[in-house]
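# Fold and geometry: a report
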Amino acid sequence: MKQKLFIVVVAVLVLPALLYAQTGKIRGKVTDRETGDALPGANVVVVGTSLGAATDVSGEYVILNVPVGTYAVKAAYIGYRDVTIENIRVNSDLTTEVEFGLPSEAIEVSEISIVAERPLVNKNATNAVRIQGYEEIKNLPVRGVNAAIALQPGVVVQDGITYIRGGRRDEVGYFLEGANVRDADTGNPSITVIPEALEEFQIQAGGYTAEFGGANAGIIRTNLKSGGPDYHFVLQGETDDFAGHGDKFLDTFSYGYRDFTATVSGPVPGFGKNLRFFLAGQRVLETDRIARFFNGFNFQHSETVNIPEGQVGVGSFPLILEQNRDPDLEALIQERGLVMSDGNVPDSDREQWIANGTLVYDAKPFIFRLGGSYSWRKQTEVPVNFVGKIFNTVRNEQEELKTGLLNLKVTHLLTSRSFYEVNLNVFQRKEDSYDSILKDDFLAYWDSTANAAHGIQFFSRNSPWRGGTNFMEIYGFDFEAPGSPINSDFTKARRSYIGGSFAFTTQTRQHELKLGVSYERWTARNYDVSERAMLVGIQANPDLEARARAGDPEALGQLRVLAGAPMRLTYGYDVFGNEIDGPKPDGPRHPKYFSAYVQDKFELSDLVINAGVRIDVIDNDDITFPDPTNPPWDQSIFGLDASQLQEKDADVEISPRLGFAFPVTDRTVFHLQYGRFVQAPRLTDLYNGNAWYDAIFTGGTSFQTNVVGIGLKPEVTTQYEVGFSQQFTDNAAFDVTAFYKNIRDQIQVSRVITQPTSAARPYNVLVNGDFATTSGVELSLTLRRTARTAAQINYTFSRSLGTGSIPNSAIANIELSQNTPTVISPLDFHRPHRGSFNIDYRFGRGDGGPILENLGANLLLTFSSGHPYTRASGSFGQQDESFGGVITDPRSRFPQENINASLTPWNWQINLRVDKTINFGRFNTNFYIYIQNLTNRRNVINVYNRTGNAYDDGFFVIDEAPSIIAAHGGDPFVALYRAINLNGNGLNFNRGEGNEFVGFQLFGDPRQIRVGARVEL
């Protein structure tokens, strides 16, 4: 226990300080201001650091390894006055040019200080790079780095998922300070960056150099701030809870949102200014994290049916259990009625703690940088049909997530033009999902004796449990009885990697040469248990658990099948949830990724060439079968015969990258780019345990959706890009970039037909087969602040076409023994038009008088065309009656047009922020209010496939509707159906990947009003 406490304390203190930064380069020329002659031997330094260089015989200098940030750069030469140029912005992996003209000492001037304006066009970028820093995003009427990323060209955010240039959701790479922070299992980002800790983010939608890999669509690179020479403090808090949770203010609901952030930075006491730190911490509390248009309802018990015409959600009729009546439960629902309030979704709370930080020690020629991120999140999981929990609000599924990234970087400056760096990094992600009362004691979830010990009585004398579940049925709608266990499984997942890299960089005349290697070794475990089936099996066979714990192979197999029924995802754990180390498929997996690269950046005044090649060695720690049509299935142990499994050979991929920039002038640049990119499949598409193989080989489930691949290859993308940047006034510039991508070997579902003599039946499997072609044009227009006004316009026109949007796109074809699609169609995330317009109007210090001084307003307009869907009809199938017109089983869905031939409606939204800064001595206090969805527009973001709209699911016109309505009470069923399904909530609108059905909302977020204050010292 003490050891664990020590680890926790060290993690809390050290985690915010461990990561390596990405760096840029400063280069330029020092001349005599009057004659223009070169000044060889002049000293150029980055003020406040030990970085600097001397000019060569041509007066030129290069400063390498400059951390991302804003600096002052100073030039000095004997016989000349010093010149300092401030506000020099250095971006990751880009060159910043700083030219000096020094006046002679004979000219009677003191040291010259110049405040530079940041260039609107980067002359040496050979691909489209979108860069935003904290100063650019802090005044936006949105909160969070991800919200700012969503505004950039080439980025589509749909249903909370980020897509770049038509790639799938898992094709985006995420890097924090150069370290990989993408979860290899899901492809999702795993680290949260506090906005106040952000130095900059870069979005490179393809075209990135050979240094980066493992992502086919694009990369999002984020860098943290570093401490400065002076102490700096920031305290900030904001909330929408000023009217009270659930109350209305200006016709807007409060969602119980509170955000508290603090940062501190400066030199470490006792170490001078060579050791500097930056720390940021954030706590976010949300009572209702799902802001949605939600119409409540109020149905009370009455022996006389009274449902006013035209009123949805109000009525009186007998409230009774439809079957398995229980007097106590009927009395409860008659007393309470079926009541939900407007505006807020109950039991959807979330709490987060986040820490980011850096620590830099400059001991030239060595520079040490520590940095890192740690986050903890706990939230109540909200089921798709959350209305069904109104009688069981005290017992919920809790999800707890912890993530951390540690890195140590050591840089050795060999000369002013050469250095190498060594990095060591550790990443870990822990995720648990459990019952809010019984936690990890999952065998007690359905044990009435264990529940009684906690004061929970959920088994009543006449048992309302329908079909062996914990639902009671009221007019065809399922509601959880009080005290019911969670409907989902107890799960836990552990994913981590240790890695390192080495890179050497040298500047030789106009060539910046860089070569490096990197390595990551992952450990992946997953546990998902059907706790009720496992408990029932143990109770029916009392010695089964004891035999399994003793290691009996047959008992282990039987219990594993029960725990995994029908197709749970478990490996790296035994059937009781204990970590194990053993052979595949039940043992943990250790995929390994190695890469080596070399690249050369050749820079002339009118030509920049960025050429490189990357080698990736991808070892997925995967298995293959000697003969997939006759898998080595051993029924006696309910598992695969490990002795007959084969290790898949590692894949070796070579990826050339080539980019050109043609700086015609300081204001006009063309660029061209070609690149090949590869990435490994997601781990969730590769791994599962013997419980899953038992289900697919022996018929444990008839609809095989949760499928993995056997021997999958990497996915490959080839991209071409051409762009043009033009600064057309002193304060305005635009960039136009066109791209084309060819994506192949994407993952799709297929079926293996087994031999007649095989012990295994035909089974579904993932294979490489889907492909896509995407293309588009991106436009960005920037207006630097002029006469108090700054503006940014972003627009993207794109076409995203392919044979499948997710690996399981063709699951219905496979199940119905039909051909899988080979003709490209619009992908689910294809959005032809998307853009944003942001204008910021601001009075500065001493401007506008006492009222308007330091007052600002920011208006953000976002717009997009809809996304594709397919009009469809279908039979009612096996779905529950309460799902009505939604076709939940893809086997029962029949398209009425070409795949994804229709588009949902256009969306647009206006956000507004108003703020004012007041100075209290040394303290600057910024008071602000921002409103998201100012007009409270109800944007349709998803529609029903039957009807093509968000208001009617088509239930009342299907053939089965009259009999269903009659069987479940007639008018009361219709009243409940309209209140629950057709009032805009979209409770039962769901679709998903595999068998993970996700409740997508029909409408975008409603208006939200937040107020806050930020105090800086």
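Residues numbered from 1 in each chain as written. Predicted model: local features only at pLDDT ≥ 70, side-chain atom pairs only at ≥ 80, totals over all residues. Heavy atoms only, no water.

## Details of the side chain of H968
- Inspection of the secondary structure assignment puts H968 in the loop between α12 (961–967) and α13 (971–981).
- Relative accessible area serves as the criterion here: at 7%, H968 is assigned to the buried category.
- The residues contacting H968, other than those within four sequence positions of it, are E322, E473, Y475, G476, E881 and F973. (Helix = DSSP H or I, 4+ residues; strand = E, 2+ residues; numbered from the N terminus. Buried < 20%, exposed > 50% of the residue type's maximum accessible area, 1.4 Å probe, protein only. Contact = heavy atoms within 4.5 Å.)

## Side note on helix α9 (residues 690–698)
- Burial within α9 is extensive, with 8 of its 9 residues counted as buried.
- By the burial criterion, the buried members of α9 are N690, A691, W692, Y693, D694, A695, I696 and F697.
- Considering only its buried residues, α9 is in contact with α8 (553–563), β35 (623–624), β36 (633–634), β37 (639–640) and β43 (763–786).
- Of the residues trailing α9, G699 is marked for its positive phi of about 90°.

## Overview of the nonpolar core
- With 67 residues, the main nonpolar core has I164, F201, L405, F625, L640, Y693 and F697 as its most contacted residues.
- The dominant element in this core, judged by the number of residues it contributes, is α9, at 4 residues.
- If you look at the next biggest cluster of nonpolar residues, it comprises 35 residues, including F386, I958, L976 and A979. (Core = buried A, V, L, I, M, F, W, Y, C linked by side-chain atoms within 4.5 Å.)

## Some words on the packing of aromatic side chains
- Inspection of every chain in the model, using the stated rule, returns 42 aromatic pairs.
- On the basis of an interplanar angle of 90° and a centroid distance of 5.5 Å, the ring pair of F317 and Y475 is categorised as edge-to-face. Pair noted here: F317 is in strand β23 (residues 314–317) and Y475 is in the loop between β29 (471–474) and β30 (477–480), with a separation of 158 residues, a long-range link.
- Residue classification places F317 among the buried positions, given a relative accessible area of 0%.
- Judged by its relative accessible area of 10%, Y475 falls in the buried class.
- Taken together, a centroid distance of 5.8 Å and an interplanar angle of 65° make the contact between F724 and F734 edge-to-face. Here the residue F724 occupies a position in strand β41 (residues 715–729), and F734 occupies one in strand β42 (residues 732–752), the gap between them amounting to 10 residues.
- When the ring centre of W446 is taken as reference, the NZ or CZ atom of R532 above it lies at 4.8 Å. (Phe/Tyr/Trp six-rings, centres within 6.5 Å; stacked < 30°, edge-to-face > 60°. Lys NZ or Arg CZ within 6 Å of the ring centre and 35° of its normal.)

## Concerning the confidence of the model for the protein chain
- The pLDDT averaged across the protein chain works out to 87; a share of 93% of its residues lies at or above 70.
- In the predicted structure, residues 1–21 sits below a pLDDT of 50 and forms 52 contacts with residues beyond four places in sequence or in another chain.
- Residue range residues 461–468 is modelled with pLDDT below 50. Its contacts to residues more than four positions away, or to other chains, number 27 contacts. (pLDDT = per-residue confidence, 0-100.)

## Overview of the pairing of strand β6 (residues 83–90)
- Within β6, 6 of the 8 residues are buried, leaving the element largely enclosed by the surrounding structure.
- Taken together, the 6 bridges between strand β5 (residues 69–76) and β6 define a ladder with antiparallel strand orientation. Within the sheet, the bridge partner assigned to G69 lies in β6 and is V90.
- Note that β6 and strand β9 (residues 112–115) share 4 bridges and pair parallel. Paired with V83 across the strands is I112, a residue of β9. (Pairing = 2+ DSSP bridges.)

## Topic: α13
- Along α13, 9 of the 11 residues are buried, which leaves the element largely enclosed by surrounding structure.
- Three or more residues of α13 are buried, namely P972, F973, V974, A975, L976, Y977, A979, I980 and N981.
- Contacts from the buried residues of α13 go to β22 (297–301), β23, β24 (338–340), β29, β30 and α12.

## What to know about the sheet that holds β23
- Pairing is mixed across the open sheet formed by 3 strands, whose spatial order is β23-β22-β24. Of all strands in the sheet, those bounded by a partner on one side alone are β23 and β24. Sheet twist, expressed as the average angle between the axes of neighbouring strands with direction ignored, equals 20°.
- Bridge count for β22 against β24 is 3 bridges, and the pairing is antiparallel. Bridge assignment links F299 to a residue of β24, and that residue is L338.
- Packed on one face of the sheet, α13 meets β22, β23 and β24 and runs near 155° to β22. (Axes fitted to C-alpha atoms, helices over the stretch in contact; angles between N-to-C directions.)

## Quick word on unusual backbone geometry
- Residues K364 and P365 are joined by a peptide bond in cis, for which omega reads 15°.
- Summarising the element assignment, P365 is placed in the loop between β25 (350–363) and β26 (366–380).
- Following K584, the chain continues to P585 via a peptide bond in cis, the omega torsion being 10°.
- Relative to the helices and strands, P585 is located in the loop between α8 and β33 (592–603).
- Of note in the backbone geometry, E177 takes a positive phi value of approximately 55° without being a glycine.

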